[in-house]
Amino acid sequence: MAKSSNPEGKPGVRIVVAGDRGTGKSSLIVTAAAETFPTNVLRLLPPTRLPEDFYPDRVPITIIDTSANPEDRGKLAEELKRADALVLTYACDQPETLNRLSTYWLPELRQLEVKVPVIVVGCKLDLRDDQQQVSLEQVMSPIMQQFREIETCIECSAYKHIQIPEVFYYAQKAVLHPTGPLFDQESQTLKPRCVRALKRIFILCDHDRDGALSDAELNDFQVKCFNAPLQPSEIVGVKRVVQDKMVEGVNERGLTLTGFLFLHALFIEKGRLETTWTVLRKFGYNNDIKLSDDLIPHSSVKRAPDQDNNLRPVEVEDVFSTAPDSPWNDVPYKDAAEKTALGGLSLDAFLSEWALMTLLDPARSLENLIYIGYPGDPSSAIRVTKRRRLDRKKQQSERNVFQCFVFGPANAGKSVLINSFLGRPYSDTYSPTVDDRYAVNVVELPGGIKKTLVLREIPEDGVAKLLSSKDSLAVCDIAVFVHDSSDESSWKRATELLVDVAGHGEDTGYEVPCLIVAAKDDLDSFPTAIQDSTRVSQDMGIEAPIPISSKLSDFNNIFRRIVKAAEHPHLSIPETEAGRSRKQYHRLINRSLMFVSVGAAVAIVGLAAYHVYAARKNASN
């Protein structure tokens, strides 16, 4: 598959360069444009334009220099909000400017709600102390983990002309061919919407509908997307690459859908995002991987409200028309599933409601199956899974439905998290939860695997009552502890709740995996947030807090991570100080008992050792 075509409709890319004073912003810009290092440079450069033939995509670039002086802060904010991409600089010979990225610049971008790709650039590479050589990955990895808006990190030297053109090439590329809509960096897989779009494209190109792209179909695809045919040897080469890595990617009829998707994942992993974007754009997709509005004949499509795959409210009522009442009209089911725009239920939401009812009240679920006329044995419709204790011993759970308890202090962000799980828009209005509340939805994992997740929100003042019952955690697959990351008191209270729940699990034998969620990540963290959270998570042996921002719709794959943790119930189990002491005591007792019987054991061990020695001797002979 060939080079990219020009992205349509993009008149130019506006790249804003920001960073502390003296980090080399102006020298970077002048050297990129004039290809020579300036001896004298203005304090603030006027807008600098790179011609459209400067890079292969042939899209002109305008570079905006900025001032870091306090009196220019208003102008800086204005430029940041107009940017298509941001080059954020630090000086390689001034470590304090690197620290300022995470303590000032990146949080400032979030505060201003600047949602553009960020290229972090270390300038003055030639001035770095040779005694302090560290890899770029080592330096940047912690920052990139915390700030996922960073697209690329690169170091350069304007004075020695090292990697100067590359800086603005990566910035332009991040705008024209963004990674985010295509690829999940955490799971290293294509995102579901990208998979669906590529699947549609594959079907459109599979003219004979035999489930594979023949050599002729592959060539037609190449001509449509890249305006150039493939040579027979190139087609053989493409299929060989796929078959070497994935046997099922090619069959006797040609390239399969699996192979087609693999090729695009390979392009993206190798940094050739422009190839996949060219294909998507040729078939009418925009940067949100949705078909452009001009391709959808809205005015000519007239459809009755019931002509879709969803159940309208009246149809949900009709499903239960032969039952005494509709079981989903009351709490906890009434608002527990995601609703369509018309207030109905999709197939996933319909099945999720059944899963929730079966989890909370299996007898009622069976009863309603009988009422609505289920033709088979109703009991066969429910699969009884293994006890959770056995799952922990087995170190894996094969459940399809997981229940997650959501703990946290008041106003921590629990309800907002649950609303987002149900696809509801963010709201600043705070409404405290009085009673336990449920939310259920389907979570799609890599590979298209679907699991049903039930979130149960526990109000702060309801935790004591919950833990008063010995078996309260028996039905829990995983617990999540939410805190407001900008409020130290919220963090402390969430930590207390974590210790209480973990201690209850240790006392009763119903230990559960736990995750900490740092909500409101769009706000500035309290001063000791990183140190405190690191200490607590390390002391208790669980994962560091997961930052999310419901306001910015940045959920860091939280629901998928909850399911993944629930699937491995032996991991992420917190250990309290009391629990640790108890285990040490039991180990001490067991060791004492072992010494009591050591005399009897010596002869047996000696015999076993003789057999091992004899077996090895015979094998060597």
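Residues numbered from 1 in each chain as written. Predicted model: local features only at pLDDT ≥ 70, side-chain atom pairs only at ≥ 80, totals over all residues. Heavy atoms only, no water.

With an unreviewed UniProt entry as reference, the chain is termed Mitochondrial Rho GTPase, source organism Gossypium australe. Comment text from UniProt for the chain, heading Subcellular location (unreviewed entry), reads "Mitochondrion outer membrane". The Sequence similarities (unreviewed entry) field of the UniProt record for the chain holds the comment "Belongs to the mitochondrial Rho GTPase family." (UniProt positions renumbered as here; feature names shortened; annotations may be inferred.)

## Some remarks on the nonpolar core
In this structure, Leu 182 and Ile 201 are the most contacted members of the largest nonpolar core, which totals 35 residues. Every element with two or more residues in this core is listed here: helix H6 (192–205), helix H7 (215–226), helix H8 (232–245), helix H9 (257–269) and helix H10 (273–282). At eight residues, the largest contribution of residues to this core is made by H9. The contacts of Ile 201, once residues within four sequence positions are left out, are Phe 221, Phe 260, Val 279, Leu 280, Phe 283 and Tyr 285. (Core = buried A, V, L, I, M, F, W, Y, C linked by side-chain atoms within 4.5 Å. Buried < 20%, exposed > 50% of the residue type's maximum accessible area, 1.4 Å probe, protein only. Helix = DSSP H or I, 4+ residues; strand = E, 2+ residues; numbered from the N terminus. Contact = heavy atoms within 4.5 Å.)

## Thoughts on the pattern of salt bridges
A full pass over the atoms with the stated rule returns 27 salt bridges. Of the charged contacts, one joins Asp 521 and Arg 110 as a salt bridge, the two residues approaching to 2.4 Å between their closest N and O atoms. With Asp 521 in the loop between strand E16 (514–519) and helix H18 (529–540) and Arg 110 in helix H3 (residues 95–111), the pair connects residues that are 411 residues apart, well separated along the chain. Asp 484 is the partner of Lys 520 in a salt bridge, and the nearest nitrogen-oxygen pair spans 3.4 Å. Placement of the pair is Lys 520 in the loop between E16 and H18 and Asp 484 in strand E15 (residues 478–484), with a sequence separation of 36 residues. Beyond isolated ion pairs, a larger network of salt bridges with shared partners links Arg 14, Lys 75 and Glu 79. (Salt bridge = Lys/Arg side-chain N within 4 Å of Asp/Glu carboxyl O.)

## Observations regarding the sheet that holds strand E13 (residues 437–444)
Spatial strand order, E13-E14-E12-E15-E16-E17: six strands in an open sheet with mixed pairing. Since the sheet does not close on itself, it has two edges, and those belong to E13 and strand E17 (546–547), each with one partner. Across four bridges, strand E12 (residues 401–407) lies against E15 in parallel orientation. Note on E15: the bridge partner recorded for Val 406 is Val 480. Across the sheet, helix H17 (residues 488–508) lies against E12, E15 and E16, angled at about 165 degrees from E15, the strand it touches most. Strand contacts of helix H19 (residues 558–567): E12, E13, strand E14 (450–457), E15, E16 and E17, with the helix running at about 100 degrees to E14, the strand carrying the most contacts. (Pairing = 2+ DSSP bridges. Axes fitted to C-alpha atoms, helices over the stretch in contact; angles between N-to-C directions.)

## Comments concerning the pairing of strand E3 (residues 61–65)
E3 sits mainly inside the fold: five of its five residues count as buried. The alternating pattern of E3 places Ile 61, Ile 63 and Asp 65 and Thr 62 and Ile 64 on opposite faces, both of which are buried. Two strands pair when backbone bridges link them, and strand E1 (residues 13–19) and E3 are joined in this way by five bridges, in the parallel orientation. Residue pairing for E3: Val 13 is matched across the bridge by Ile 61. Relative to E3, strand E2 (residues 48–50) is paired through three bridges, and the arrangement is antiparallel. Following the sheet pairing, Leu 50 is matched in E3 by Ile 61.

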